[in-house]
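Each chain, written out:
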Amino acid sequence: MRHQDPRDPGRVARTGFYPKKNRDGSPRLGPYQHLADEFERRLAGLRETGVIPDPRAAQIERLKEQVSGLKKRLAERDSQIDGLTDFRERALSQIAAQRMEIERLRDVLAEPSNVRALPSSSGARAPYGSCS
């Protein structure tokens, strides 16, 4: 059994903070009940000012904030993906339309028509500005 120094509250067994019951059922304060009352008073004061003294509660709050931030980032990413998907569909539609136009123009060139290519000249050139 370890030695408990009453001047060192860090070495006090926790059961000393809580009230006990006598054999007849009547309550009996623990030997360090005044420390438990002081602890509860300070804890309530911290909670009223918004300070979270319990590291687990602080961790829970921090994790909730992180989850909220991650949800926001996920929503932004989903929105960005939707925008990129729309852009991709428009780009593919444009490419398909351009390909159809190229094929139509090739078909027009392949059909016989009354348009002829100009004959190439055989080296004889008219001077610039000449009307002949």
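Everything numeric in this text was worked out from a predicted model, so none of it was measured. (Residues numbered from 1 in each chain as written. Predicted model: local features only at pLDDT ≥ 70, side-chain atom pairs only at ≥ 80, totals over all residues. Heavy atoms only, no water.)

## Thoughts on the overall build of the protein chain
The helix and strand tally for the protein chain stands at two helices and two strands. Helices and strands appear in the protein chain in the N-to-C order β-β-α-α. A buried classification covers 6% of the 132 residues belonging to the protein chain. The long-range fraction of contacts in the protein chain, counting pairs at least 24 apart against all pairs at least 6 apart in sequence, stands at 6%. For the protein chain, the accessible surface area stands at approximately 12,700 Å², while carbon and sulfur atoms represent 56% of it. (Helix = DSSP H or I, 4+ residues; strand = E, 2+ residues; numbered from the N terminus. Buried < 20%, exposed > 50% of the residue type's maximum accessible area, 1.4 Å probe, protein only. Contact = heavy atoms within 4.5 Å. Areas by Shrake-Rupley, 256 points an atom, 1.4 Å probe, with all protein chains shown as cover.)

## Thoughts on the pattern of salt bridges
Within this structure, the stated rule accounts for five salt bridges. Residues Arg 42 and Glu 38 are paired through a salt bridge, measuring 2.8 Å at the closest nitrogen-oxygen approach. Here the residue Arg 42 and the residue Glu 38 both occupy positions in helix 1 (residues 33–49), the gap between them amounting to four residues, near one helical turn. Assessed through its relative accessible area of 28%, Glu 38 is described here as partly exposed. In this structure, Asp 78 and Arg 77 form a salt bridge, with 2.7 Å as the shortest nitrogen-oxygen distance. Judged by its relative accessible area of 42%, Arg 77 is partly exposed. A single network of salt bridges, built from pairs that share partners, joins Glu 38, Arg 41 and Arg 42. (Salt bridge = Lys/Arg side-chain N within 4 Å of Asp/Glu carboxyl O.)

## Points about the environment of Pro 19
Tracing the backbone through its elements, the reader meets Pro 19 in the segment before strand 1 (20–21). Residues Pro 19 and Pro 31, twelve residues apart in the sequence, show an inter-C-alpha distance of 8.4 Å. When residues no more than four places from it in sequence are discounted, the contact partners of Pro 19 are Arg 28, Leu 29, Gly 30 and Gln 33.

## Focus on helix 1
The first and last C-alpha atoms of helix 1 sit 25 Å apart over 17 residues, in line with the 24 Å expected at 1.5 Å per residue. What helix 1 keeps buried is the set Gln 33, Ala 36 and Leu 43. One side of helix 1 holds all its buried residues, which, seen down the axis, span an arc of 85°. Across helix 1 from its buried face, at more than 90 degrees, point the exposed residues His 34, Arg 41, Arg 42, Glu 48 and Thr 49. In the segment just after helix 1, Gly 50 is the residue with positive phi, at about 95°. (Expected span 1.5 Å × (residues − 1). Arc of directions from axis to C-beta.)

## Side note on the confidence of the model for the protein chain
For the protein chain, the mean per-residue pLDDT works out to 80, and 74% of the residues sit at or above 70. Considering each helix and strand of the protein chain separately, the mean pLDDT is smallest for strand 1, with a value of 78, and largest for helix 2 (residues 55–110), with 93. (pLDDT = per-residue confidence, 0-100.)

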